[in-house]
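Spelled out, the chains give:
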Amino acid sequence: MKKAAASLLLTFSLLTGATAQAQQPQASSPYRTRFVVDAPITLGLAGANVLGLYLIQQKTGLTKEEVAALSKNNVPKFDRFVAGKYSESARTKSDYLFYGSLVATPTFLALLPATRHRYGQVAGLYVQTVATTGALFTMAAGNVYRSRPLTYSNEASTRQRTRKNATNSFFAGHTATTATATFFAAKVFNDFHPDSPARPYVWGAAAAIPAAVGYYRLQAGKHFLSDNLLGYAVGATAGILVPHLHKAGQGRLSLEPIQGINSNGYAYSGLLLTKRL
């Protein structure tokens, strides 16, 4: 929930970022963005976030009887060591790192002269990237029921174990969104400063911060190891891939209308996102 809300807040800043982009002087940038393409994509992702949040709200938690019947033996061996973990202090630490990364990334890029001159463009890409991860997370959490590790713990209160949020273990939103923010920062830094000797340190920090978030989410009993590994992979992929798809000289994104008849004889129509070389 918190991860999705943060994504939506960033998404609602799209129009501000896009306007700033149009007003920025045309300094050199490794990216090519177009409002007529990127705005609909980002707004579509925002809509997916809203739908995912709605689905999450419609979920129901476990009953007391269902919680009492939970057995660690039913958890896959790969994840079993996490079942029963619970720590409020670890949860707090993961929250600090999560929210800090969302703020640190745009701040870091605003302080760099090269990206500051193209900040409207970079901000628009950041919103789109975080919204991508937010959409994937909310749709997954809204459709998949997987009890968090803390539901197997006697230290967590009955209320915590039976609330609907306790079924949102799949997949790790904190880890995914943090990875999105840090890997986006590293990717943008790398593309604007391809010869910088600081690149290995920036990439190292980008990898370490979400890993720390994942560790604390494990200790907090919020997610299993597989949830965190998937969240890390989703976040890192989005953080790198979205700006990379916008790199200049590698073609450009385009929305094209499509229509036809499928193998079952039904007519279909829609929009196809393509990358022209």
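Everything here concerns the structure above.
What you see is a predicted model, and the numbers here were worked out from it, not measured in a lab.

Some thoughts on the packing of aromatic side chains
- Taken as a whole, this structure holds ten aromatic pairs when the rule is applied.
- Judged by centre distance (5.9 Å) and plane angle (90°), the rings of F170 and F171 are edge-to-face.
- Overall, F170 belongs to the partly exposed group, its relative accessible area being 28%.
- Aromatic ring contacts, followed pair by pair, group F137, F170 and F171 into a single cluster.
- In this arrangement the basic side chain of K59 is found over the ring face of Y145, its NZ or CZ atom lying 4.6 Å from the centre.

Details of helix 6 (residues 88-111)
- For helix 6, which comprises 24 residues, the first-to-last C-alpha distance of 34 Å matches the rise-based estimate of 34 Å (1.5 Å per residue) to within 8%.
- The largest bend along helix 6 reaches roughly 30° and is located at S101.

Description of the environment of P243
- Positionally, P243 belongs in helix 12 (residues 225-245).
- The class of P243 is buried, set by a relative accessible area of 0%.
- C-alpha separation for the pair P243 and Q128, spaced 115 residues apart in sequence, amounts to 9.2 Å.

Conventions adopted
Residues numbered from 1 in each chain as written. Predicted model: local features only at pLDDT ≥ 70, side-chain atom pairs only at ≥ 80, totals over all residues. Heavy atoms only, no water. Phe/Tyr/Trp six-rings, centres within 6.5 Å; stacked < 30°, edge-to-face > 60°. Buried < 20%, exposed > 50% of the residue type's maximum accessible area, 1.4 Å probe, protein only. Lys NZ or Arg CZ within 6 Å of the ring centre and 35° of its normal. Helix = DSSP H or I, 4+ residues; strand = E, 2+ residues; numbered from the N terminus. Expected span 1.5 Å × (residues − 1). Bend = angle between axes of the 7 residues up to and from the residue.

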